[in-house]
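Report on the structure
What follows is each chain in one-letter form.
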Amino acid sequence: MFGGDYYSDSFWLLLLCTAALVGRQYFSQKSQGAEHRTPEFEAFQKNYLLVYLLAFFADWLQGPYVYALYASYGFDAEAIAILFIMGFMASLIFGTFIGGVSDKYGRKLMCIAFAVFYFISGVTKVFNNFWILLIGRFLGGVSTSLLFSVFEAWMVSEHNSRGFHPSLLSDTFGKATLGNGIVAVLAGTVAQKAADQYGFVAPFMVCLVPLAMVFGIVTFTWKENYGDSKIDVIGSFRNGWNVIRQDFGIAALGAAQSAFEGAMYTFVFMWTPAIATEETKDTLPYGTIFAAFMVCCMFGSAIFTQLLSMGWNVESIPVVVHALGIGSMLAVSLFTENKNLVYLAFLVFEIGCGIYFPTYGTLRSKYIPEESRAMVMSLYRIPLNAFVVVVLIKVKYMAAYIVFSICTAAQIVSLVSYYAFVNRKVVGAPIS
């Protein structure tokens with residue numbers, strides 16, 4: 001197990017630590033909200049988690065090799081940046097209205113659309129043609145907007161409409177993030193083996209299988225639910241915007257989310273060149289490194305569960321998230337040439353991400369109004385996509401330490417925004 005390369009050893013060590021923490025929680029503590037669990041809820045949660053994890057398994061399969069595939073096709077850094085920018089621009093422009101479309105025409109329908117669009121996007125990776133790949137990135141950007149909004153919106157709405165206890169939402173978010181880490185580790189391993197045997201395009205072909213499964217399960221087992229289906233898409237956009245404009249607390253929560261995720265998506269683009277050198281860029285085990293990142297995400301999810309069991313309320317946890325984000329991005333910006341330290345800082349950042357996802361998912365379910373949920377969540381993604389697009393457009397002119405200094409600043413903005421949210425929405429309000 002140990003005694004291999006640095007990245008492999010770190011992966012196994014992190015996996016053992018995570019397994020120990022998760023095992024301790026499983027054997028020594030009752031599940032949060034266990035007194036409210038029913039067979040109906042158990043069936044609902046398992047069905048949702050199956051679909052959610054299959055969708056993210058497909059997404060994670062592509063993660064380690066997007067940059068590497070484009071580079072293997074002979075595209076330079078500028079062309080690769082344009083391809084990435086297309087994905088974020090698609091998410092920025094069309095993601096603006098996806099929430100309104102799903103609120104009006106149905107979240108289930110949009111989950112099916114995700115599977116179809118992402119399937120086509122995966123197929124385009126076979127072609128060494130810039131314009132076909134650009135179309136694939138466009139469809140991938142639209143799919144990403146759907147993945148990070150409509151699945152959660154469907155689950156929260158269905159959870160509430162079936163009368164399940166509100167405390168169980170944190171349980172579902174925690175398990176989703178933990179499970180997401182597990183499938184991401186599996187995806188990294190599968191992607192590595194597929195790429196080693198069949199080339200960098202192979203992981204994108206493998207991802208078509210879970211996407212087809214998502215399509216089938218959602219089509220035949222999910223019920224449709226809506227936001228405010230009586231208004232048109234423009235009206236839904238207006239309602240979502242009014243919620244943000246009229247409620248400073250919700251606006252501040254969105255700013256905190258956008259700043260954190262803006263830095264996170266910049267990291268998604270930058271981690272490969274930040275770790276690699278001219279000597280190692282063709283030999284680094286990208287799948288293993290990616291798997292180590294995802295184990296850290298699992299570890300963060302377990303920390304989230306541990307903090308809740310220790311009596312923390314969910315509104316207090318983001319302080320930990322943003323401290324890890326600021327510290328890790330600052331370390332990378334200061335020590336860019338020390339690749340081992342950069343790798344360790346990235347691991348710390350991923351632990352923060354693992355705490356972030358269930359924490360902010362719970363906060364959104366608690367504070368965003370149901371009738372505009374998907375639209376508000378889509379609007380939250382506009383500034384983060386704009387941030388990433390601007391960074392990627394300028395990335396060829398900036399040294400790595402400058403890019404990660406910008407990410408550090410974004411993490412500071414996220415922390416300040418969250419404190420503004422707490423002061424407006426939480427202070428003096430009952431915490432449940």
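Up top is the structure.
To keep things clear, this report deals only with the structure shown in the data block. All figures in this text were calculated on a predicted structure; none of them were measured in a lab. (Residues numbered from 1 in each chain as written. Predicted model: local features only at pLDDT ≥ 70, side-chain atom pairs only at ≥ 80, totals over all residues. Heavy atoms only, no water.)

Broken down by element type, the protein chain carries 17 helices and zero strands. Taken over the C-alpha trace, the protein chain has a radius of gyration of 20 Å; the compact-globule value for 432 residues is 22 Å, and the two agree within 12%. Seen through its C-alpha atoms, the protein chain measures out along the principal axes to roughly 55 × 45 × 40 Å. Out of the 432 residues in the protein chain, the part that is buried amounts to 57%. For the protein chain, the share of sequence-separated contacts (at least 6 apart) that also reach a separation of at least 24 residues comes to 85%. In the form shown here, the protein chain has an accessible surface area of approximately 17,300 Å², with 67% of it arising from carbon and sulfur atoms. In the protein chain, 26 side chains carry a positive charge and 26 a negative one; their mean positions are 6 Å apart. (Helix = DSSP H or I, 4+ residues; strand = E, 2+ residues; numbered from the N terminus. Rg over C-alpha atoms; globule rule 2.2 N^0.38 Å. Buried < 20%, exposed > 50% of the residue type's maximum accessible area, 1.4 Å probe, protein only. Contact = heavy atoms within 4.5 Å. Areas by Shrake-Rupley, 256 points an atom, 1.4 Å probe, with all protein chains shown as cover. Lys, Arg positive; Asp, Glu negative; His and termini not counted. Charge placed at Lys NZ, Arg CZ, Asp CG, Glu CD.)

Next up on the list: a nonpolar patch on the surface. On the surface, V116, F117, F119, I120, V123, V126, F127 and F215 cluster together into a nonpolar patch covering about 610 Å² of accessible area. No other element matches the five residues that helix α5 (residues 107-124) contributes to the nonpolar patch. Note on placement: F215 falls in helix α10 (residues 208-221). (Patch = residues over 30% accessible without salt bridge, like charges linked within 9 Å, V, L, I, M, F, W, Y side chains within 5 Å. Salt bridge = Lys/Arg side-chain N within 4 Å of Asp/Glu carboxyl O.)

Note that S333 resides in helix α14 (residues 318-334). In terms of polar contacts, S333 uses its side chain to reach the backbone carbonyl oxygen of L330, at 2.7 Å. Those residues within four positions of S333 in sequence are excluded, and the remaining contacts are Y401, F404, S405 and T408. (Polar contact = N/O pair within 3.5 Å; in protein donor to acceptor, adjacent residues only side chain to side chain.)

For the structure shown, the criterion picks out 37 aromatic pairs. Considering the side-chain rings of F267 and F346, the 4.9 Å spacing of their centres and the 75° angle between planes classify their relative orientation as edge-to-face. Residue F267 is found in helix α12 (residues 248-275), and its partner F346 is found in helix α15 (residues 339-367); the two are separated by 79 residues along the sequence. The interplanar angle of 35° and the centroid separation of 6.2 Å between the aromatic rings of F293 and Y343 together place this pair among those described as tilted. Placement of F293 in helix α13 (residues 286-309) and of Y343 in helix α15 is noted, with a sequence separation of 50 residues between them. Judged by relative accessible area, which is 1%, F293 ranks as buried. When its relative accessible area of 0% is taken as the criterion, Y343 is described as buried. (Phe/Tyr/Trp six-rings, centres within 6.5 Å; stacked < 30°, edge-to-face > 60°.)

For α15, built from 29 residues, the straight-helix expectation of 42 Å at 1.5 Å per residue is met to within 8% by its first-to-last C-alpha distance of 41 Å. Of all the bends found along α15, the most pronounced is centred on Y356 and spans about 25°, while P358, a proline, follows it within four residues. By the criterion of burial, α15 is predominantly enclosed, with 23 of the 29 residues buried. (Expected span 1.5 Å × (residues − 1). Bend = angle between axes of the 7 residues up to and from the residue.)

This part is about the pattern of salt bridges. Enumeration over the complete set of coordinates arrives at five salt bridges. Note that K223 and E158 form a salt bridge whose closest N and O atoms lie 3.7 Å from each other. A residue pair is termed long-range when its members are at least 10 positions apart, and K223 in the loop between α10 and α11 (233-246) and E158 in helix α7 (residues 150-161) qualify at 65 residues. For E158, a relative accessible area of 2% puts it in the buried group. Taking the shortest distance from any N to any O, the salt bridge between K366 and E315 comes out at 2.8 Å. On the criterion of sequence distance, the pair formed by K366 in helix α15 and E315 in the loop between α13 and α14 is long-range, its members being 51 residues apart. We classify K366 as partly exposed; its relative accessible area is 30%.

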